[in-house]
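A look at the structure
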Amino acid sequence: MKGGILSGIALVVLAAVVILGYSSAFIVHQTQQALVLRLGEPVRVIQQPGLAFKMPFVDSVTFFDNRVLDLDAQPQEVIASDQKRLVVDAFARYRISNALRFFQTVGTVQGANSRLSVLLNSAVRRVLGEATFMQLVRDDRAGLMSRIRQQVTPEAQNLGVEIVDVRIRRADLPDANSQAVFERMKTERQREANEIRAQGREQSQRITARADRDVTVLIGEANAKGEQVRGEGDAERNRIFAEAFGRDLDFFAFYRSMQAYEAGFKPGETRMILAPDSAFFRYFGDPGGNRKPETGKP
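Residues numbered from 1 in each chain as written. Predicted model: local features only at pLDDT ≥ 70, side-chain atom pairs only at ≥ 80, totals over all residues. Heavy atoms only, no water.

Comments concerning the side chain of Q33
Along the chain, the position of Q33 falls in strand β2 (residues 32-38). Judged by relative accessible area, which is 1%, Q33 ranks as buried. A polar contact is formed between the side chain of Q33 and the side chain of Q47, at a distance of 3.5 Å. Setting aside its immediate chain neighbours within four residues, Q33 contacts V28, V45, I46, Q47, T62, F63, F64, D65, N66, I96 and A99. (Helix = DSSP H or I, 4+ residues; strand = E, 2+ residues; numbered from the N terminus. Buried < 20%, exposed > 50% of the residue type's maximum accessible area, 1.4 Å probe, protein only. Polar contact = N/O pair within 3.5 Å; in protein donor to acceptor, adjacent residues only side chain to side chain. Contact = heavy atoms within 4.5 Å.)

Structure follows, in structure tokens:
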């Protein structure tokens with residue numbers, strides 16, 4: 001009987017030890033950091049992963065994410081220094097750097113997101129309110145994001161948070177302004193296109209006029225050269241004819257008469273009223289051209 005009582009006591013003690021051991025041990029994963037609370041008051045922060053212990057039934061453990069967290073702020077309207085209204089969509093990346101301060105100031109990630117959204121929006125309005133539209137969309141976007149991060153960082157450290165990065169996802173004009181800017185850009189592009197077309201037409205007309213002038217000059221020079229060559233050819237021909245005909249005047253007279261006959265007696269076009277004894281027909285009656293044709297008189 002005594003042995004049974006001892007066995008029961010041993011089992012109870014063993015169960016108590018197991019329960020106490022299970023209640024006092026906990027595991028911190030690599031992606032976490034832990035804050036040990038004793039009766040609601042912070043005792044210590046555990047940032048190294050592994051097995052850790054606490055006082056059972058007295059201490060409690062709150063875990064916080066040790067990874068980089070996302071903060072997506074709501075888009076807001078900002079007035080730039082050149083009075084342009086912009087709809088800016090920004091976001092941030094942060095890490096819990098001080099678990100104790102984080103627990104004391106915001107408590108949870110949702111609370112941190114709410115506080116950081118206010119800080120981020122305020123910094124965005126301050127920085128972009130001092131910048132122009134062109135600086136934001138083209139010239140100095142990276143510099144503006146760096147300035148926003150610098151302004152948010154000190155205030156975030158008071159919450160136990162380290163700001164890793166701040167980015168501007170989108171910065172656009174409001175819909176009404178975007179349409180107006182689009183129409184103005186469209187008008188400017190059309191004006192530039194019309195100017196380019198006008199310059200092209202002017203250049204085309206200039207090239208065409210120069211080409212027409214060159215063609216006229218070339219044709220004139222060619223005609224003049226052709227007339228000169230033709231005149232020289234005619235002169236040479238006449239010289240040769242004159243030289244040839246000068247050697248035999250009778251042959252020259254005969255040749256000229258043959259040309260006259262050929263020109264005068266064309267088929268269907270011959271109309272002449274001449275006397276039979278006309279000198280025009282002298283080669284019809286006398287091949288030598290000396291005998292006058294018979295007149296029919298006694």
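Quick notes on the packing of helix α3 (residues 109-129) against helix α5 (residues 141-157)
One can describe the packing of α3 onto α5 by two numbers: an axis separation of 9 Å at closest approach and a directional angle of 140°. If you check the angle between α3 and α5, you find them oblique. Viewed along their axes, α3 and α5 form a crossing whose handedness is right-handed. Note on element contacts: α5 touches α3 through L144, R147, I148, Q151, V152, E155 and A156, opposite L116, L119, L120, A123, V124, R126, V127 and L128. Within the contact of α3 with α5, the residues separate by chemical class into 11 nonpolar, 1 polar and 3 charged. (Axes fitted to C-alpha atoms, helices over the stretch in contact; angles between N-to-C directions. Parallel < 35°, antiparallel > 145°, perpendicular 65-115°, else oblique. Left-handed = near helix turned anticlockwise from the far one by under 90°. Nonpolar A, V, L, I, M, F, W, Y, C, P; charged D, E, K, R; others polar.)

Notes on α5
With 17 residues, α5 ought to run about 24 Å at 1.5 Å a step, and its terminal C-alpha atoms sit 25 Å apart, in line with that. Turning to α5, its buried residues are L144, M145, I148, V152 and A156. At its buried positions, α5 is contacted by α3, α4 (133-139) and β9 (161-172). (Expected span 1.5 Å × (residues − 1).)

Side note on the sheet that holds strand β5 (residues 59-65)
Taken together, 3 strands build an open sheet; the order of strands is β3-β2-β5 and the sheet is antiparallel. Each of the sheet's edge strands pairs with one partner strand only, and the pair in question is β3 (41-46) and β5. Taking each pair of neighbouring strands and ignoring which way they run, the sheet shows an average axis angle of 25°. With 5 bridges joining them, β2 and β3 adopt antiparallel strand pairing. Bridge assignment links L35 to a residue of β3, and that residue is V45. (Pairing = 2+ DSSP bridges.)

What about the confidence of the model for the chain?
Taken as a whole, the chain shows an average pLDDT of 81; of its residues, 79% reach a score of 70 or greater. Confidence over residues 291-298 falls short of pLDDT 50; this stretch has 6 contacts with residues more than four positions distant or in other chains. (pLDDT = per-residue confidence, 0-100.)

Notes on the nonpolar core
The biggest cluster of nonpolar side chains holds 40 residues, and the ones touching the most others in it are L116, L120 and I148. Every element with two or more residues in this core is listed here: β2, β6 (69-72), β8 (85-96), α2 (99-105), α3, α4, α5 and β9. Each of domain 1 (21-65) and domain 2 (68-178) contributes no fewer than three residues to this core. Apart from residues no more than four positions distant in its own chain, I148 is found in contact with L120, A123, V124, V127, V166 and I168. Grouped together as the second largest cluster of nonpolar side chains are 6 residues, V28, A34, V36 and A52 included. (Core = buried A, V, L, I, M, F, W, Y, C linked by side-chain atoms within 4.5 Å. Domains from an automatic or database assignment.)

Some remarks on α3
Every α-helix carries 3.6 residues per turn, so stepping three or four residues along brings you back to the same face. Over its 21 residues, α3 extends 29 Å from the first C-alpha to the last, a length consistent with the 30 Å expected when each residue adds 1.5 Å. The set of residues buried in α3 consists of A112, L116, S117, L119, L120, N121, A123, V124, V127 and L128.

Examining the environment of G40
Assignment of secondary structure puts G40 in the loop between β2 and β3. Residue classification places G40 among the partly exposed residues on the basis of a relative accessible area of 45%. Taking the C-alpha atoms as reference points, G40 and V61, separated by 21 residues in sequence, lie 9.8 Å from one another.

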